[in-house]
Amino acid sequence: MTKVWLVLITVVIGILQFLDTGLYTYLAYNLNVDSVYLGFLSACWSLTYILTNYVMGGLADEGHNKLLTLISCITAISVATLLNNLNEVNGLIAYSLHALTLAVINLAASVTILEIYDHFNWNTINSSVRVLSNLIMGVLFLVAAFGTVSVSLICYVTALIALSLMILLPGVGINLERSLYRINKELSSISRYIKASTAVLYLHRPREAYEFFERVWGSETISSKRILLATSLYVMFSDLISVLVPLIMKPSIGLHGIYLSWGVAFLIATILMVFILPTASCSAKLTALLVFSRALILLALLPLINNTYSLMAYLISLVVLGTLINASLYNIYVDASSGYGTSRYFISRELGSILGSIMGGFIFMYMPSLLPIVVLVLAFTSTLLLFA
């Protein structure tokens, strides 16, 4: 039976992720700003997200999921209040506080899932939360496209749901599941050392010795540091382009057309992911190929967008690949870190985002011809890091 708290936490994450894209696009269309402001806006969001994970990561590892949820409730109310008097300064502060809200709820969700469920189900639960949050985002974007939606009202509703979530959320003060998984990994590592040492029995046959050693160590998990660096570079080239999409689309597609495109894209992507996820591999090498494929699609299809339908097709491909890559990178990292230090994963993502956002704004304004080169270099480097 699906736990009510898991449904609520998925709803809150879905709404906040909708507000990430929706609020950014809303500010881009309703404030008289340029690409530098938008790049700075996105960078401030990322900086706030990084600082929140750095400061609050310890609370998550210690199991203070209810406190984190309460903080998200308070900050969601603050965002709504600022949006009721919108200007460039209030928009910047509200968007940054939104980052804090999403950061703490992600930490609360990750630590609760990693402790309540056994490690055999971590990948399935985490991936399911991502897919269902996409569904919620799709619905909200369609509502925004076909009607007038008060962004501040959505924030108040989010705060109310977060308050209910805090009451229903199970406590996870004892880090039992992650501790057991770490012990199991350490025992497996010791066993691998013992098996690998038997390769000396084949030293008189070097080829057989090498093949045996490679077979034993072939299942070795890629290091968490390489995963984090690859994640940063992946997010960097993704945000380098995505930060520019509202400005590129603004002359030809209205705000409602943007929202409609995002809504249809998320709904179709959700349907596709329902069939893809059960058979999707989370191997680092497959993820690496998906990363480079996403870079090629970003570059190849962007010049072809000139109406709502072409934008929908563009976004569907990006959302499907993005969901697969994000789920895979997170699951690979959780496996490598035994479920601890999830804040470091979120920080690595936003370090990439803050650099990509700043680079995107200035490259678009001053050196647009360099955009494809920078994206391909970052994507290629990220791909290489994921090949163990």
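Residues numbered from 1 in each chain as written. Predicted model: local features only at pLDDT ≥ 70, side-chain atom pairs only at ≥ 80, totals over all residues. Heavy atoms only, no water.

## Here we look at the overall build of the protein
Within the protein, the secondary structure is distributed over 15 helices and zero strands. Sequence separation of 24 or more characterises 88% of the internal contacts of the protein that already satisfy a separation of 6 or more. Just so you have it, the protein exposes about 17200 Å², and 69% of that area is on carbon and sulfur atoms. (Helix = DSSP H or I, 4+ residues; strand = E, 2+ residues; numbered from the N terminus. Contact = heavy atoms within 4.5 Å. Areas by Shrake-Rupley, 256 points an atom, 1.4 Å probe, with all protein chains shown as cover.)

## Regarding the side chain of Thr10
With respect to the secondary-structure elements, Thr10 resides in helix α1 (residues 4–30). From its side chain, Thr10 meets the backbone oxygen of Leu6 in a polar contact 2.7 Å long. When neighbours within four sequence positions are excluded, Thr10 is seen to be in contact with Val129, Leu132, Ser133 and Ile136. (Polar contact = N/O pair within 3.5 Å; in protein donor to acceptor, adjacent residues only side chain to side chain.)

## Regarding the packing of aromatic side chains
In the structure shown here, the tally under the stated rule is 15 aromatic pairs. Where Trp45 meets Tyr95, the ring centres are 6.3 Å apart and the plane angle is 40°; that geometry is what we call tilted. Of this pair, Trp45 sits in helix α2 (residues 35–61) while Tyr95 sits in helix α4 (residues 88–116), placing them 50 residues apart in sequence. When sorted by exposure, Trp45 lands in the same class as Tyr95, which is buried. Through successive ring pairs, a cluster of aromatic residues spans Tyr24, Trp45, Tyr49, Tyr95, Tyr330, Tyr333, Tyr345 and Phe346. (Phe/Tyr/Trp six-rings, centres within 6.5 Å; stacked < 30°, edge-to-face > 60°. Buried < 20%, exposed > 50% of the residue type's maximum accessible area, 1.4 Å probe, protein only.)

## Observations concerning the nonpolar core
Note on soluble globular proteins: their nonpolar side chains tend to be buried together. Judged by nonpolar contacts, the single largest core of 119 residues is most densely connected at Phe237 and Tyr314. The residues touching Tyr314, leaving out its near neighbours within four places in the chain, are Ile241, Ile297, Leu298, Leu301, Leu302 and Ile305. (Core = buried A, V, L, I, M, F, W, Y, C linked by side-chain atoms within 4.5 Å.)

## Details of the packing of helix α12 (residues 284–301) against helix α13 (residues 308–337)
At their nearest, the axes of α12 and α13 sit 10 Å apart, and the two run at 155° to each other. Comparing their axes, α13 and α12 come out roughly antiparallel. Viewed along their axes, α12 and α13 form a crossing whose handedness is left-handed. Residues Ala284, Thr287, Leu290, Val291, Ser293, Arg294, Ile297, Leu298 and Leu301 of α12 form the contact with α13, whose participating residues are Tyr314, Ser317, Leu318, Leu321, Gly322, Leu324, Ile325, Ser328, Leu329 and Ile332. Classifying every residue of the contact of α12 with α13 by side-chain character gives 13 nonpolar, five polar and one charged. (Axes fitted to C-alpha atoms, helices over the stretch in contact; angles between N-to-C directions. Parallel < 35°, antiparallel > 145°, perpendicular 65-115°, else oblique. Left-handed = near helix turned anticlockwise from the far one by under 90°. Nonpolar A, V, L, I, M, F, W, Y, C, P; charged D, E, K, R; others polar.)

## Re the side chain of Asn90
One can find Asn90 in helix α4. Overall, Asn90 belongs to the buried group, its relative accessible area being 14%. Apart from residues lying up to four places away in sequence, Asn90 is in contact with Leu82 and Asn85.

## Quick notes on the packing of helix α9 (residues 224–242) against helix α15 (residues 371–385)
It is at 8 Å that the axes of α9 and α15 come closest, and there the two elements cross at 160°. By the angle class used here, α9 and α15 are roughly antiparallel. Pair α9 / α15 crosses with left-handed handedness. Each of Arg226, Leu229, Ala230, Leu233, Tyr234, Met236, Phe237, Leu240 and Ile241 in α9 lies in contact with α15, whose residues at this interface are Leu371, Val374, Val375, Leu378, Ala379, Thr381, Ser382, Leu384 and Leu385. Of the residues contributing to the contact of α9 with α15, the split by class is 15 nonpolar, two polar and one charged.

## What about the environment of Ile297?
Within the secondary structure, Ile297 is located in helix α12. Taking the relative accessible area as the measure of exposure, Ile297 reaches 22% and is therefore partly exposed. Considered as a pair, Ile297 and Leu318 are 21 residues apart in the sequence and their alpha carbons are 7.7 Å apart.

## Brief notes about a nonpolar patch on the surface
A cluster of nonpolar side chains, Val4, Leu67, Leu70, Ile74, Leu160, Leu163, Ile167 and Leu168, forms an exposed patch at the surface whose accessible area comes to about 730 Å². Those elements giving two or more residues to the nonpolar patch turn out to be α3 (65–83) and α6 (151–168). In terms of residues, the nonpolar patch owes the most to one element, α6, which gives four residues. Counting through the fold element by element, Ile74 comes out in helix α3. (Patch = residues over 30% accessible without salt bridge, like charges linked within 9 Å, V, L, I, M, F, W, Y side chains within 5 Å. Salt bridge = Lys/Arg side-chain N within 4 Å of Asp/Glu carboxyl O.)

## Details of α3
Under the 1.5 Å per step criterion, the end-to-end length of α3 is 27 Å for 19 residues, consistent within 8% with the ideal 27 Å. Residues of α3 that are buried: Asn65, Leu68, Thr69, Ile71, Ser72, Cys73, Thr75, Ala76, Val79, Ala80, Leu82 and Leu83. Looking at the packing, one finds that the buried side of α3 touches α1, α2, α4 and α6. (Expected span 1.5 Å × (residues − 1).)

## Quick look at α12
If you check α12, its first and last C-alpha atoms are 26 Å apart, about what 18 residues at 1.5 Å a residue would give, namely 26 Å. If you check which residues of α12 are buried, you get Ala284, Thr287, Ala288, Leu290, Val291, Arg294, Ala295 and Leu298. For α12, the arc enclosing every buried residue in end-on projection is 165°, short of the 170-degree limit, so these residues lie on one face. (Arc of directions from axis to C-beta.)

## Topic: the confidence of the model for the protein
Averaged over all residues, the pLDDT of the protein equals 79, while 83% of them reach at least 70. Within the protein, α3 carries the highest mean pLDDT (92), whereas helix α7 (residues 176–197) carries the lowest (43). A low-confidence stretch, residues 176–204 stays under pLDDT 50, and its non-local contacts, those more than four residues away or across chains, total 46 contacts. (pLDDT = per-residue confidence, 0-100.)

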